[in-house]
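Chains, contacts and geometry: an overview
For reference, the chains in residue letters:
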Amino acid sequence: MSSLIALGTGGAATAATFYLYVGVKGKNKIKVADDHVPYWAFGIGLLAANAGTAFQQFAGIGQQLSDSFQGNASLGEWKVGATAAVLTIAVFGLKPRAWKDALCGAIAPSLFAAAGGLWVLPTSIFSGLITAFIG
C-alpha cells in the first residue's frame, strides 16, 4: 500500500466532485455550505491536475481565460498572475454562489501553477499533501 487511502487521483477527483454535487444540493444527508464550495473545488482542481484525461479540461479553461485577457490590447500588458488575482477576488470578494465558486475553485490550481512565483505555493503544498494521502 503506497498511500493512506487507496483511491488514486482520478477516483478521488470523481468522489470529491460527486460529494460536492450532492452536498450543494442540500436535500440529502451530506451538506456543503456555500462558503466551503471554493475549498472543495480547489481540492478537486488539485486532484484533476494529476488525474486522467477526463479531468484535464480544468487546466484548459484556466488557460483560455488567461489567454482572453492577455490577447486584449486595450488592457495593456496582462500576465497570468493578474488572472489568478482576479479569480481569487471573484471567489472571496463576491457573494458565495455554488456554480461560480465551484468553477473558479476548480480552475484555480492550474492558473496558480502557470502564474508561478508565490501563486505556486498553495498548489504545490496542498498537491503534495493530497497525493501523499490518496496515492
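Residues numbered from 1 in each chain as written. Predicted model: local features only at pLDDT ≥ 70, side-chain atom pairs only at ≥ 80, totals over all residues. Heavy atoms only, no water.

Things to note about the overall build of the protein
- Helices and strands together make up the secondary structure of the protein, namely six helices and zero strands.
- Along the chain direction, N to C, the helices and strands of the protein fall in the order α-α-α-α-α-α.
- Against the globule reference of 14 Å for 135 residues, the protein gives a C-alpha radius of gyration of 15 Å, in line with a compact fold.
- Overall size of the protein, expressed as C-alpha extent along the three principal axes, is 50 × 35 × 25 Å.
- Burial analysis of the protein (135 residues in total) assigns 34% to the buried set.
- Considering only contacts within the protein whose residues lie at least 6 apart along the sequence, 67% involve residues at least 24 apart.
- Measuring between centres, the 8 positive side-chain charges of the protein sit 14 Å from its 5 negative side-chain charges. (Helix = DSSP H or I, 4+ residues; strand = E, 2+ residues; numbered from the N terminus. Rg over C-alpha atoms; globule rule 2.2 N^0.38 Å. Buried < 20%, exposed > 50% of the residue type's maximum accessible area, 1.4 Å probe, protein only. Contact = heavy atoms within 4.5 Å. Lys, Arg positive; Asp, Glu negative; His and termini not counted. Charge placed at Lys NZ, Arg CZ, Asp CG, Glu CD.)

Topic: the pattern of salt bridges
- For the coordinates displayed, the defined rule picks out two salt bridges.
- One salt bridge in this structure joins Lys-79 and Glu-77, with 3.3 Å as the shortest N-O distance.
- Between Lys-100 and Asp-101 there is a salt bridge; the shortest N-O distance is 2.6 Å.
- By relative accessible area, Lys-100 is classed as buried at 10%.
- For Asp-101, a relative accessible area of 1% translates into the label buried. (Salt bridge = Lys/Arg side-chain N within 4 Å of Asp/Glu carboxyl O.)

Focus: the confidence of the model for the protein
- Residues of the protein with pLDDT of at least 70 account for 92%, and the chain-wide mean is 83.
- Confidence, read as mean pLDDT per element, is least for helix α6 (residues 120-134) in the protein (78) and greatest for helix α4 (residues 80-93) (90). (pLDDT = per-residue confidence, 0-100.)

Here's the deal with the packing of helix α3 (residues 57-70) against helix α5 (residues 98-115)
- Relative to each other, α3 and α5 sit at 80 degrees, their axes nearing to 8 Å. Here α3 lies roughly perpendicular to α5, going by the angle between them. Here Phe-58, Ala-59, Ile-61, Gly-62, Leu-65 and Ser-66 of α3 come into contact with α5, specifically with Leu-103, Ala-106, Ile-107, Ser-110 and Leu-111.
- Taken together, the residues of the contact of α3 with α5 sort by class into eight nonpolar, three polar and no charged. (Axes fitted to C-alpha atoms, helices over the stretch in contact; angles between N-to-C directions. Parallel < 35°, antiparallel > 145°, perpendicular 65-115°, else oblique. Nonpolar A, V, L, I, M, F, W, Y, C, P; charged D, E, K, R; others polar.)

Regarding the packing of aromatic side chains
- Enumeration over the complete set of coordinates arrives at five aromatic pairs.
- Aromatic pair Phe-69 and Trp-78: ring centres 4.7 Å apart, planes at 25 degrees, arrangement stacked.
- Looking at Phe-69, the relative accessible area reads 25%, which means it is partly exposed.
- Residues Phe-112 and Trp-119 carry aromatic rings whose centres are separated by 5.1 Å and whose planes lie at 35 degrees to one another, so their mutual orientation is tilted.
- Judged by relative accessible area, Phe-112 falls into the buried class, the value being 8%. (Phe/Tyr/Trp six-rings, centres within 6.5 Å; stacked < 30°, edge-to-face > 60°.)

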